[in-house]
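Each chain, written out:
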Amino acid sequence: MTALTFVLNGRPVSVQAPPARSLLEVLRHDLRCTGPKNGCLEGECGACSVLLDGEPVTACLVPVGKAAGRDVVTVEGLHDTPLFHLLAHAFAAKGAVQCGICTPGLVVSTAALLKRHPAPSRAQIRDFLGGHLCRCTGYVKIVDAVAYAAELLGRGQLPSLETPAGVGHAPPRPDAAAKIAGTARYGDDWFLEGMHFLQVVRSPHPHAAIEGIDAAAALAEPGVVAVLTARDVPGVNRFGILVADQPVLAEERVRFCGEAVALVVATSPEAAQRGAAKVQVAYRPLPAVFSPAAALQPEAPRLHAGGNCLAAPVVQKGDVAAGFAAAEVVLEETYTTPFIEHAYIEPEAGVAYFDAEGRLTLIVSTQTPYLDRDACAKVLGLPPERLRVIQAATGGGFGGKLDLSVQPLLALAAYATGKAVKLAYRREESFLSTTKRHPYEVHYRLGATRDGRLTAVQVRILGDTGAYASWGPTVIRRAVIHAPGPYVVPHYRGEGCVVYTNNPICGAMRGFSTPQVAFAAESQLDMLARRLGLDPIELRLRNCLRPGDATATGQVLRHSVGLEATLLAVRDTWRELQKQPLPPQEHLAYGVGVACMWYGIGNTALPHPSTVRVALDDDGAVHLYTSAADIGQGVHTVLLQILAEVLQLPLSALRLTAADTLLTPDSGKTSASRQTYVTGQATYEAAVQLRELLRRHGAELLGSAAAEVEVAGGQVRCRRRGTALSLAELAAAFRQQGVVAACTATCDPPATPLDAAGQGAPYPTYGFATHLAQVQVDRRTGEVRVRRFIAAHDVGKALNPQAVEGQIEGGVVMGLGFALTEQHLPGQTRNFSTYLIPTFQETPEIYPLLVESAEPTGPFGAKGVGELAMIGTAPAITNAIYDAVGVRIRSLPATPEKVFRALHGLQ
Amino acid sequence: MPYHVATSFAEMATLLGQAQARFTLLAGGTDLMVARREQLLEAPVLDISRVPELRTIALEDGKLVIGSTVTYRQLLEAPLVQRHCPLLQETARRTGSVQIQNLGTLGGNVVNASPAGDSLTALVALEAEVEVFWQGKRHVKPIGDFVRGPGRVDLPPNGVVTRFFIPLVEAPWGSGFYKLVNRAYPQHPMAIAVVSAAVVVKRAPGENRLLWARVALGAVAPTPVRARESEALLCGQVPEATCVQRAAQAAVQAVSPIDDVRASAAYRRQVTPAVVEKALRAALEACQ
Ligand SMILES: Cc1cc2nc3c(=O)[nH]c(=O)nc-3n(C[C@H](O)[C@H](O)[C@H](O)COP(=O)(O)OP(=O)(O)OC[C@H]3O[C@@H](n4cnc5c(N)ncnc54)[C@H](O)[C@@H]3O)c2cc1C
Ligand code: FES
Ligand code: FES
């Protein structure tokens, strides 16, 4: 191996590496230059973009030999340029950064764009950046940021980033600067002294018995340190959120293609790969089932001891037979949705090591440090306190990182070898082995009177849960609760069943299966509106839940039911678009569709407490400790805003320690759109306690009455006498007096268990929305383009309107993928060229409208929004397709082929 | 394994001439690094992207001559291409991303011989010729003969594609391209064609009649194919609506598509006329 020399960020570097290895791997691994990210290694995501002789290229496609003698600039190389400061400002100010894994690559490309076109149009920006995928933002705010940067470039000056920090404002994210600079460390960006690398040996069979594993040849491979199998698991070789049925490494049987069978530990990633290729596993293939219907047949192979039906919840209200008897119109249809991949741009990754105190420490990409810790402890047979889980910067989660992936493998390898270890999935491995959204078949029967009042709804849902339980039972339960939609339905029966198959494991994904049932429900309502000749907004207004109404589980909603307001918010646009529809051009037809949605915030019918601690540091800064994982959605910003508001402090006077099981109290998982609502409320309560403590003690020290004293602007001040103490002085006094200025608060908004008929109050509050899509359909090819999208959301209170918009835009774009392009076909889709997530150009103009119907149990009236944004999107789009060309899409995604077939009455 | 970067034609010729083993030729690497990342580490690689002659665009003897390692980016920026061959700019614009356009080359697209190769499809419509350099000699053959099947071309070991010759057409003529993809944005560049069509038409000067038309289809057969029946229906005709529709319809006679992860064979066949019509209309519109 000869040394290769090139100029990296202005300095000549020399590396010993195979010249055909990708520049990306050399930069990241050999040179520890981790600004360029590895999102796919196939040129599809743009996260690895660097400048090669000044032009953006995907470093993963450049053999390092090609870079020899040339000039390579990564985001790190831009740091000292004036343009970088301007871009950093613009990206932070416009909210263009969420998880941030896509950001360094975008910054590099934007630098090249602005050099070529100093004043680009929005279309030029979209085209130039079209090779960058972002799964979080929906692209709108990135385009905004680039346009803003160009504007600043023209003006030649940088405004200050000082924005008010309190509730209702949009201060820059605390982690924005590091993410933009490429210095935030994601799971794969950690390098530890003497670190070993892992490679998982995975099953090529969907269902097989393991007759033997021979690791001799692998162990003989230079660099291979150990080959671990199920026998090496010291504790319980099972994990699972609700039903612990998944082995860390398969024992006598594998149940899906891609299941982990053995784990190779080696001194380099290449050695680990070579070793893995040499592990001999003798399989005896077993009959496999690939659909829930087949798996429910009596002769089907039994995948788990309890049978193939994992869970079958029911919600029963009133008497559906009577409801249908009273109906004047009955509509009955079946809808299907495919497996959906989370497709965060950061594949699962992390490291594990023993710290100086002998604590097994994991730094991983995750949504839930505490669940990870407790699950890994069981696997190792250790008390949880012997483990510590720290969240690495996390490049998107969407529910996928609520499940264990690399965690138990890392823990096991570190435990077995005593070494620091790293495991980073490749994109293909992420597709192959991690959880998906459940494919559903939803049979929907709906009855209504001629004037459009719903009399009954009956729904049967059959879901494919794949090989292991994961979140299946919760997902199906949420589905039967939400299937009737946000409407007053006097008689309802919902039956669901999720079934084990030999398909990929299905778990949690944004919306926990409400997007699937909303697709069915809202398509049905659209059909009903057409059947009755009612406008679809009017029909929904006649049925929508209002304060005082009861849901299908009999829960009477008292507060924060803003659905009607969201409908009214889009009604004007709807009418306008009806009045002046776009002129059909030749084969192009235009249509408009609407859909509503609702979503219960928090775990279904289970407690979901969050605890946080707020303390006064010695220097007078206020310090928040929370385990809440920020996966890009921005919960940390919002929690700090709540603190800033209550304590009347600027962000610079606040400090945050987050998502570390050793240092932070358990704030629950980042799921079910609960963090702002639950952890936000806990933060609010802890902040109020601290404020009162500061007032009380401050008053004493000032010799004033507590009622005369206020906390503001970093001081405790007596309003009457004008005397004041800074928080730093107060902290010093506390130290002397031995006062502990730390307050802990726990919040657990009420949810009641459901009875046998599924009746009860499963969620403390619900979010609501109405979506409106305008689409263009090409009659001759079936191609669909979304031209315009309006998303009106009742968020209770927008604590940070920019962040809320960012969630809505990102959700709508994810919903657009669900509607039109995404479907995971096991064995066939394994990368971003076969699994198509939406891009810059596919994103329409999106107009988020915020409705604030305050939720009394949430901080300042807020409730969640994270998942909600994508729920109504797909049916709004398919309803718009119907409006345009008169075909009803009942199976997602609405690919050109499907639309075409429907248009031509084929199949 | 050695990785040679040839910086001149002579150096490239010498290396290929002395080679004991078969070189893997690498131009932009955008196909190789995806499809054969592991093998590249094991085989001797010859990087030809820095051979000046292969990067040149020129006019010679009534032909536009494009070097094999000319990138999409170069095609998009070259005034000669804009003037004489906007079709290749259209396909370059519809290819990948800015990053891919900066790396990927015309020669790589041809030798990769994907049935869906966009620029390859355009070159078929342009009746381009391929120049191959092998054992010290240059050989020229029509592109249709050069591309044999999916991923298969008529190239001997250590032979290298050096240039493409594109015959110039005298005005009035026009070209058009349409790429149907599974994305929610027509002709999206970051997607492999489900069906594509590239069309060149030549009009009789001062008349509405077409002297000839060439229609190439991508992703509907083992290689890009010419729709000869469509061409025959256009030849000598005034292209009013029914003529265009009939010609577009006739394109299905040229296709032999397969089912794959992107679409079914049946759909490919059914939408071929629509795709041809879009490309043909664009070509007619551009015809002046
Ligand atoms: C993200 C992404 C998007 C893409 N989008 C598109 C698209 O929209 N449309 C499309 O058509 N393609 C697309 N491609 C495929 C690819 O970019 C093109 O085919 C490109 O033109 C290949 O050129 P290259 O120089 O990179 O080829 P390389 O990878 O360097 O080579 C490809 C093959 O050709 C051989 N070769 C290259 N040059 C020569 C030569 N001069 N003589 C002999 N053999 C040679 C190589 O040995 C290899 O077998 C995409 C690829 C990626 C990664
Ligand atoms: S990692 Fe290079 S494009 Fe995705
Ligand atoms: S912010 Fe772009 S992928 Fe997360």
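Just so we're clear, the structure is a prediction, and the values are computed from it rather than from any experiment.

What counts and what doesn't
Sequence order sets the numbering: in each chain, residues are counted from 1 along the sequence as written. The lettering of chains begins at A and the numbering of ligands begins at 1, in the order of writing. Predicted model: local features are reported for residues with pLDDT of at least 70 only, side-chain atom pairs are reported and counted for 80 or more only, and whole-chain, interface and lining totals are derived from all residues. Calculated side-chain values reflect all of the structure's heavy atoms, with hydrogen atoms and water omitted. A run of H or I in DSSP counts as a helix once it spans at least four residues, and a run of E counts as a strand once it spans at least two, with each numbered from the N terminus. For a compact globule the rule gives 2.2 Å times the number of residues to the power 0.38, and the radius of gyration it is set against comes from C-alpha atoms. Per-residue accessibility, obtained with a 1.4 Å probe over protein chains only, is compared with the maximum for each type, and a residue is labelled buried under 20%, exposed over 50%, and partly exposed between these values. For this analysis, residues touch if any pair of their heavy atoms sits within 4.5 Å. By convention in this text, a residue qualifies as near a molecule or strand provided that one of its non-hydrogen atoms is within 4 Å of it. Side-chain atoms alone can form a polar contact between residues adjacent in sequence; in general such a contact is a pair of N or O atoms within 3.5 Å, and within protein one must be able to donate a hydrogen while the other accepts it. All accessible-area figures derive from a Shrake-Rupley calculation using a 1.4 Å probe, and residue coverage is judged against the displayed protein chains alone. Side-chain rings of Phe, Tyr and Trp, where Trp is taken by its six-membered ring, are said to pair if the distance between their centres is within 6.5 Å; with planes under 30 degrees apart they count as stacked, over 60 as edge-to-face, and otherwise as tilted. Our definition puts a charge over a ring when NZ of Lys or CZ of Arg is within 6 Å of the ring centre and also within 35 degrees of the ring normal. Here, any two strands with at least 2 DSSP bridges between them count as paired. Between N-to-C directions, angles span 0 to 180 degrees; the directions come from axes that are lines fitted to C-alpha atoms, helices contributing only their stretch in contact. Reported buried area values correspond to the accessible surface (1.4 Å probe) lost by two parts on association, with both partners' losses combined. One side-chain nitrogen of Lys or Arg within 4 Å of one carboxyl oxygen of Asp or Glu is enough to make a salt bridge. The pLDDT score gives, residue by residue, the confidence of the prediction method on a 0 to 100 scale. Throughout, nonpolar core names a set of buried Ala, Val, Leu, Ile, Met, Phe, Trp, Tyr and Cys residues whose side chains join them through atoms within 4.5 Å. Expected span of a helix, by definition, is 1.5 Å for each gap between consecutive residues, and there is one gap fewer than residues. An angle counts as roughly parallel when it lies under 35 degrees, as roughly antiparallel when it exceeds 145, as roughly perpendicular when it falls between 65 and 115, and as oblique in every other case. We call a crossing left-handed when the near helix sits turned anticlockwise from the far one by less than a right angle, and right-handed when that turn is clockwise. Basically, the charged four are Asp, Glu, Lys and Arg, the nonpolar ten are Ala, Val, Leu, Ile, Met, Phe, Trp, Tyr, Cys and Pro, and anything else, Gly included, counts as polar.

K.L.:
Can you walk me through the overall build of chain B in this structure?
P.N.:
From N to C terminus, chain B includes 13 helices and 14 strands. Against the compact-globule benchmark of 19 Å for 288 residues, chain B has a radius of gyration of 19 Å, which places it among compact chains. Within the span of chain B, comprising 288 residues, buried residues form 59% of the whole. Excluding contacts between residues fewer than 6 apart, the proportion of contacts in chain B whose partners are at least 24 apart in sequence is 61%.

K.L.:
Is there a simple way to explain the overall build of chain A in this structure?
P.N.:
Looking only at helices and strands, chain A features 25 helices and 34 strands. For 907 residues, the compact-globule estimate of 2.2 N^0.38 gives 29 Å, and the C-alpha radius of gyration of chain A, at 28 Å, lies within 12% of that figure. Projected onto its principal axes, the C-alpha positions of chain A cover 85 × 75 × 60 Å. Across the 907 residues that make up chain A, the buried fraction comes to 65%. Excluding contacts between residues fewer than 6 apart, the proportion of contacts in chain A whose partners are at least 24 apart in sequence is 77%.

K.L.:
Any chance you could explain the site of ligand 1 here in plain terms?
P.N.:
Inspection of the region around ligand 1 gives 35 residues, with L25(B), T30(B), D31(B), Y72(B) and T105(B) positioned closest. Residues within reach of ligand 1 are spread across chains A and B. Within the backbone of R94(B), an N or O atom sits 3.5 Å from an oxygen atom of ligand 1. The side chain of T105(B) places a nitrogen or oxygen atom 2.6 Å from an oxygen atom of ligand 1. Starting from 970 Å² of accessible surface for ligand 1 in isolation, the protein chains cover 92%.

K.L.:
Any chance you could explain the packing of aromatic side chains here in plain terms?
P.N.:
The geometry of an aromatic ring pair is captured by two quantities: the separation of the ring centres and the angle between the planes. The full count for this structure, using the stated rule, is 12 aromatic pairs over all chains. With a centroid separation of 6.1 Å and an interplanar angle of 70°, the aromatic rings of F431(A) and F832(A) are classed as edge-to-face. Linking F431(A) in helix α15 (residues 427–433) with F832(A) in the loop between α23 (801–820) and β34 (845–851), this pair joins segments that are 401 residues apart in sequence. F832(A) shares its class with F431(A); the two are buried. Both rings, one in Y763(A) and one in Y766(A), keep their centres 5.5 Å apart while their planes meet at 80°; by these two values the pair is edge-to-face. Each member of the pair, Y763(A) as well as Y766(A), carries the same accessibility label: buried. Each member of the aromatic cluster is reached from another via a ring pair, and the members are F431(A), F832(A) and Y835(A). Sitting over the ring of Y344(A), K401(A) keeps its end group 4.1 Å from the ring centre. Over the ring of Y178(B) we find K278(B), and its NZ or CZ is 5.0 Å from the ring centre.

K.L.:
So what exactly am I meant to see when it comes to the sheet that holds strand β3 (residues 45–47) of chain B here?
P.N.:
The strands making up a sheet are joined through hydrogen bonds of the backbone, oriented either antiparallel or parallel. Residues and elements named next belong to chain B. One open sheet holds the 3 strands; their spatial order is β1-β3-β2, and the pairing between them is parallel. Either end of the sheet is taken by a strand with one partner, and the two such strands are β1 (3–5) and β2 (24–26). When the angles between neighbouring strand axes are averaged without regard to direction, this sheet yields 25°. Examined bridge by bridge, β2 and β3 share 3 bridges and lie parallel to one another. Residue pairing in the sheet places L26 in a bridge with D47 of β3.

K.L.:
How should the interface of chain A and chain B be read in this particular structure?
P.N.:
In many reports, interface size means the accessible area that the parts give up when they come together. Tallying the contact residues gives 62 residues for chain A and 51 residues for chain B. With both sides pooled, the region where chain A packs onto chain B buries about 4,400 Å², and carbon together with sulfur makes up 56% of that total. Taken as a group, L61(A), K66(A) and R780(A) account for 15% of the area that chain A buries against chain B, more than any other trio of residues on that side. At the junction of chain A with chain B, the criterion picks out 7 salt bridges. Put simply, E25(A) and R37(B) hold a salt bridge, and the shortest N to O gap is 3.8 Å. Elements supplying a minimum of two residues to the side of chain A that touches chain B: β4 (55–58), α2 (64–67), α5 (103–116), α6 (122–128), β32 (766–778), β33 (784–794), α23 and α25 (896–903) of chain A.

K.L.:
What is the right way to look at the environment of A116(B) in this model?
P.N.:
Residue and element names in this part refer to chain B. By the element assignment, A116 lies in the loop between α8 (106–112) and α9 (118–125). Judged by relative accessible area, A116 falls into the buried class, the value being 12%. Separated by 52 residues in sequence, A116 and L64 place their C-alpha atoms 24 Å apart. If we skip the residues at most four places from it in the chain, A116 touches I192, A193 and A219.

K.L.:
Is there a simple way to think about the confidence of the model for chain B in this case?
P.N.:
For any part of a model where pLDDT is low, the fine detail of the predicted coordinates should not be relied upon. Averaged over every residue, the pLDDT of chain B is 96; the share at 70 or more is 100%. For this predicted complex, the interface confidence reaches an ipTM of 0.97, while the overall pTM sits at 0.97.

K.L.:
Hey, could you run me through the pattern of salt bridges in this one?
P.N.:
Between side chains of opposite charge, pairing is possible as soon as their charged atoms come close. Residue and element names in this part refer to chain A. Going through the model one piece at a time under the given rule, you end up with 74 salt bridges over all chains. When the shortest N-O distance is used, the salt bridge between K179 and D175 registers 2.9 Å. D175 gets classed as partly exposed once you look at its relative accessible area, which sits at 21%. Here E522 makes a salt bridge to R540, at a shortest N to O gap of 2.8 Å. Of the two residues, E522 sits in helix α17 (residues 514–532) while R540 sits in helix α18 (residues 536–543), which places them 18 residues apart along the sequence. Grouping residues by exposure puts E522 and R540 together as buried.

K.L.:
Hey, could you run me through the nonpolar core in this one?
P.N.:
Considering soluble globular proteins, one finds that nonpolar side chains tend to be buried as a cluster. Residue and element names in this part refer to chain A. One finds F91, L694 and I881 to be the most contacted residues of the largest nonpolar core, which totals 223 residues. No other element matches the 11 residues that helix α21 (residues 675–702) contributes to this core. In this view, F91 contacts A96, V97, T103, L106, V107, T110, I142, A145, V146 and I180; residues no more than four positions away in its chain are not counted.

K.L.:
Explain helix α20 (residues 635–647) of chain A to me, please; I cannot follow it from the model alone.
P.N.:
Turn by turn, an α-helix covers 3.6 residues, leaving residues three or four places apart pointing in a common direction. Residue and element names in this part refer to chain A. Taking 1.5 Å of rise per residue, the 13 residues of α20 would be expected to cover 18 Å, and the 18 Å separating its terminal C-alpha atoms lies within 8% of that figure. Check the buried side of α20 and you find it contacts β25 (610–616), β26 (622–626), β27 (654–658), α21 and β28 (709–712). Backbone geometry just after α20 places Q648 at a positive phi near 50°.

K.L.:
What is the right way to look at the side chain of Q841(A) in this model?
P.N.:
Relative to the elements of secondary structure, Q841(A) occurs in the loop between α23 and β34. Overall, the relative accessible area of 7% leaves Q841(A) in the buried class. Among all residues touching Q841(A), those that are not within four sequence positions of it are R126(A), D127(A), G130(A), Y185(B), H188(B) and P189(B).

K.L.:
Help me understand unusual backbone geometry in this model?
P.N.:
Trans is the prevailing form of peptide bonds, just as negative phi is the prevailing case for residues other than glycine. P893(A) follows L892(A) through a cis peptide bond whose omega is -5°. Summarising the element assignment, P893(A) is placed in the loop between α24 (873–885) and α25. Cis rather than trans, the peptide bond between A171(B) and P172(B) has omega equal to 0°. When you line up the elements, P172(B) lands in the loop between β10 (160–167) and β11 (173–180). You will see that N9(A), though not glycine, has its phi angle at about 50°, which is positive. The topology assignment puts N9(A) in the loop between β1 (3–8) and β2 (11–16). Positioned with a positive phi, F512(A) is a non-glycine residue whose angle comes to about 45°. Following the sequence through the fold, F512(A) ends up in the loop between β23 (491–500) and α17. Classification of F512(A) as buried rests on a relative accessible area of 5%.

K.L.:
Teacher, can you tell me more about the pairing of β11(B) here?
P.N.:
Each regular strand displays side chains that alternate between the two surfaces of the sheet. Residue and element names in this part refer to chain B. Of all 8 residues in β11, 8 are buried, a share of seventy percent or more. Across the two faces of β11 the burial is the same, with W173, S175, F177 and K179 and G174, G176, Y178 and L180 all buried. Here β11 pairs with strand β12 (residues 195–203) via 8 bridges, running antiparallel. Considered in β12, the bridge of W173 is made with K202.

K.L.:
When you look at the packing of helix α4 (residues 82–93) of chain A against helix α7 (residues 140–155) of chain A in this model, what are you seeing that I'm missing?
P.N.:
All names here are of chain A. Viewed as axis vectors pointing N to C, α4 and α7 meet at an angle of 140°, and their least axial separation amounts to 8 Å. Comparing their axes, α7 and α4 come out oblique. Viewed along their axes, α4 and α7 form a crossing whose handedness is right-handed. Together, L83, L86, L87, H89, A90, F91 and A93 of α4 and I142, A145, V146, Y148, A149, L152 and L153 of α7 make up the contact between the two elements. In terms of residue class, the contact of α4 with α7 is built from 13 nonpolar, 1 polar and no charged.

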